[in-house]
Amino acid sequence: MANIAVFGAGYIGLVTAACLADLGHTVAVRDIQQDRVDRLRAGEVPIHEPGLGELIARNTERLTFTLNADDALAGAEIVYICVDTPPTMAGDADLSRVWSVVNSLKGATDLRAVVVKSTVPVGTGARVRSVLNEAGLAHVGYAANPEFTAEGRAVADFMTPDRVVIGGSDEATVQLIADLHRGVDGPVEIMDVASAEMVKLASNAALMTKISFMNEIAVLCELTGADVELVAHAVGLDHRIGGHFLQAGIGWGGSCFPKDSEALKQLASNTGHHPQLLNAVIEVNNLQKRRAIQKLKQALGSLEGTQIALLGMTFKPGTDDMRESPSTVLAARLLAEGAKVRCWDPLAAQDLAEPWASTTRHDSPLEAVTGADAVILATAWPELREVSWEQAHGLMRRPVVFDGRNLLDPPAMRTLGFTYMSVGRA
Ligand code: UGA
């Protein structure tokens, strides 16, 4: 069993650390946020991720949390870099946090390998390698071990993945990292560092492409009288295509897809390549959110002075994560059109910045729809299927619903007297 230092206690770092500890390794987690470290030391889990709390509680003897890089590195044989790589002003991935970890490794005498799990541009591993060499750490191995964990099911994705990808140039390092995963139920794919870095970006791009593709088909369905739900289901039954990530809606968001699509686009542009398909995938996604507002305007006329209930704020159900949530764009657009926005979400934080600070927050969907001229369903929370829409009809000023996630049954909603619109369904 290995001694591991994990840098970064965000979604990826915490899940990685907790899972590695559960596999029997000793893990020291280092984060730069005092509050986060304090909470973790007190046994609190600062993010909502199913199963993570139990995993941390079960492995307290093997898991420590610290603010101090040297403490985390003392005795560490392997360093996992799990810091965030947000976009720079230019849209490239900002690697400054990765570099600050790499630059802190000089005195780590027991170190055998540095592993990058953060999503980074292709070529980062080669640069880290030369910085390690210059720092007198040529004997320390390097591996890229990208993550494919989706929020809300990150622990399961780590423990039973479709694949573990390890990119490295020396066999001993690759084997060391593969050995760490003993107990993980999934195939291990070994390759060079650049290919492993590209697998991560290409996988996310493939998933975004599937969604944007189906969102474009949804527009064509609306124009031709077809039903995108029936179409997506039958298309997905073809095993060459597969049924996942074909759900039409108001588009993808989150901490990964928007940032990674932009980073891949800039990576392509930096090499002089014009990434046509990727650009279209991004554009379809941007338009999809704005189409939602257009549909509301078709039903209500001007939105000036209207009250709109926005049900669902997080970028997908099962998470409290608001990063790049499509509903943030909807809230901002609605406010810009002069509407008042009444929100409900079961997990989103209360003290959010603009545009949310200019909206009102309500404890239940029914409270949010009271007096509303229209409702937008923006996140596929299962709770929204359970709402008594009959009761909601009685509470609303005008019975207009735009279902941005195709959660509800169109004939049933129309029978209740709603003007009901959704995505790609006649
Ligand atoms: C995504 C990938 O699924 C993970 O494999 C990857 O590891 C992760 O990014 C990452 O790079 O770290 P995540 O951002 O948690 O995971 O969320 P997804 O479940 O992929 O959903 C992304 C967005 O796509 C959400 O806004 C969701 O509502 C939307 N979506 C998803 C659709 O609109 N339609 C679909 O059919 C599926």
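Before going into details, it helps to say that this report is about the structure given with it. Here, residues in each chain are numbered from 1, in the same order as that chain's written sequence. Only residues with pLDDT of at least 70 are given local features in this predicted model, and only at 80 or more are side-chain atom pairs given and counted; all residues enter the totals for whole chains, interfaces and linings. Processing note: side-chain calculations cover all non-hydrogen atoms of the structure and skip hydrogens and water entirely.

**Remarks on the overall build of the protein chain**
1) Next: Check the secondary structure of the protein chain and you find 17 helices and 14 strands.
2) Next: The atom set for the radius of gyration is the C-alpha atoms, and the globule formula is 2.2 Å times the number of residues raised to the power 0.38. Computed over its C-alpha atoms, the radius of gyration of the protein chain comes to 23 Å, within 12% of the 22 Å expected for a compact globule of 426 residues.
3) Next: Principal-axis analysis of the C-alpha atoms gives the protein chain an extent of 70 × 45 × 40 Å.
4) Next: Working rule for contacts: check all heavy atoms of both residues, and any pair within 4.5 Å makes them a contact. In the protein chain, the share of contacts with a sequence separation of at least 24, taken over all contacts with a separation of at least 6, comes to 72%.
5) Next: Every accessible area reported is derived by Shrake-Rupley at a probe size of 1.4 Å, with residue values counting cover from the shown protein chains alone. Accessible surface for the protein chain amounts to roughly 18600 Å². Of this, 53% is attributable to carbon and sulfur atoms. Secondary structure elements follow DSSP: runs of H or I of four or more residues count as helices, runs of E of two or more count as strands, with numbering from the N terminus.

**Notes on the site of the ligand**
1) Next: The full set close to the ligand counts 21 residues, and Glu147, Glu151, Lys200, Asn204 and Cys256 are the nearest of them.
2) Next: Polar contacts here mean pairs of N or O atoms no more than 3.5 Å apart (in protein, one a potential hydrogen donor and the other a potential acceptor; neighbouring residues in sequence count only if both atoms are side-chain atoms). Within the side chain of Lys200, an N or O atom sits 2.5 Å from an oxygen atom of the ligand.
3) Next: Relative to its unbound accessible surface of 720 Å², the ligand loses 90% to contact with the protein.
4) Next: When contributions to the shell around the ligand are tallied by element, the ones reaching two or more residues are helix H9 (193-224) and helix H11 (257-270).
5) Next: Broken down by element, the residue count for the shell around the ligand peaks at four residues, all from H9.
6) Next: Taken together, the residues of the shell around the ligand break down into 10 nonpolar, five polar and six charged. Whether a residue is near a molecule or strand depends on its heavy atoms: it is near if one of them lies within 4 Å of it. Residue type decides the class: Asp, Glu, Lys and Arg count as charged, Ala, Val, Leu, Ile, Met, Phe, Trp, Tyr, Cys and Pro as nonpolar, and the leftover types, Gly among them, as polar.

**Description of unusual backbone geometry**
1) Next: A cis geometry characterises the amide bond from Glu354 onward to Pro355, with omega recorded as 5°.
2) Next: Topologically, Pro355 is positioned in the loop between strand S10 (340-344) and strand S11 (360-361).
3) Next: One non-glycine residue with positive phi stands out, namely Phe245, at about 60°.
4) Next: Partly exposed residues are those whose accessible area sits between 20% and 50% of the maximum for their type, while under 20% is buried and over 50% is exposed, using a 1.4 Å probe and protein chains only. With a relative accessible area of 39%, Phe245 lands in the partly exposed category.
5) Next: Unusually for a residue other than glycine, Glu324 sits at a positive phi of about 50°.
6) Next: Looking at where Glu324 falls in the secondary structure, it is placed in the loop between strand S9 (307-311) and helix H13 (326-336).
7) Next: A relative accessible area of 55% places Glu324 in the exposed class.

**As for the pairing of strand S5 (residues 113-116)**
1) Next: Burial along S5 is two-sided: Ala113 and Val115 and Val114 and Val116, pointing in opposite directions, are all buried.
2) Next: For two strands to be treated as a pair, DSSP must find at least two bridges joining them. Pairing between strand S4 (residues 78-81) and S5: four bridges, direction parallel. What sits directly across from Val79, in S5, is Val114.
3) Next: Considered for its hand, the β-α-β crossover made up of S4, helix H5 (residues 96-103) and S5 is right-handed.
4) Next: One ladder, built from four bridges, connects S5 with strand S6 (residues 141-144); its direction is parallel. Handedness is read with the strands pointing away from the viewer; a crossover is right-handed when the path from the first strand over the helix to the second is clockwise.

**Remarks on the sheet that holds S4**
1) Next: If you walk across this open sheet you meet the eight strands as S3-S2-S1-S4-S5-S6-S7-S8, and the pairing is mixed. In the strand order of this sheet, the two ends are held by strand S3 (63-66) and strand S8 (188-191), each with one partner. Sheet twist, expressed as the mean angle between neighbouring strand axes with direction ignored, is 20°.
2) Next: Sheet topology places strand S2 (residues 26-30) next to S3; four bridges connect them, and they run parallel. Between N-to-C directions, angles cover 0 to 180 degrees, with each direction set by a line fitted to C-alpha atoms, over the stretch in contact for helices.

**Re the layout of surface pockets**
1) Next: Of the volumes computed, that of the second largest pocket is approximately 170 Å³.
2) Next: No other element matches the six residues that H9 contributes to the lining of the second largest pocket.
3) Next: Split into classes, the residues belonging to the lining of the second largest pocket amount to seven nonpolar, two polar and one charged. A cavity, in this analysis, means grid points on a 1 Å lattice covering only the protein atoms where a 1.4 Å probe fits yet has no way out; a pocket is instead an open set bounded by protein on both sides within 12 Å along at least five of seven lines, and a residue lines either one if it has an atom within 4 Å of a point. Grid points are joined across faces, edges and corners, and a volume is the space filled by probe spheres set on the points.

**Some remarks on the packing of aromatic side chains**
1) Next: Each pair of aromatic rings taken from Phe, Tyr and Trp, with Trp reduced to its six-membered ring, is defined by centres within 6.5 Å and is described as stacked if the planes are under 30 degrees apart, edge-to-face if over 60, and tilted in the remaining cases. For the structure on display, the rule yields three aromatic pairs.
2) Next: Measuring from centroid to centroid gives 6.1 Å for Trp389 and Phe418, while their planes differ by 80°, and the two rings are edge-to-face. With Trp389 in helix H16 (residues 389-395) and Phe418 in the loop between helix H17 (410-415) and strand S14 (419-421), this pair connects stretches of sequence that are 29 residues apart. The pair Trp389 / Phe418 is uniform in exposure class, with both members buried.
3) Next: An aromatic cluster is present here, built from Phe245, Trp252 and Phe257 joined pairwise through their rings.
4) Next: When the ring centre of Phe148 is taken as origin, the NZ or CZ atom of Arg163, which lies over that ring, is 3.8 Å away. Only when the NZ of Lys or the CZ of Arg is both within 6 Å of the ring centre and within 35 degrees of the ring normal is a charge said to sit over the ring.

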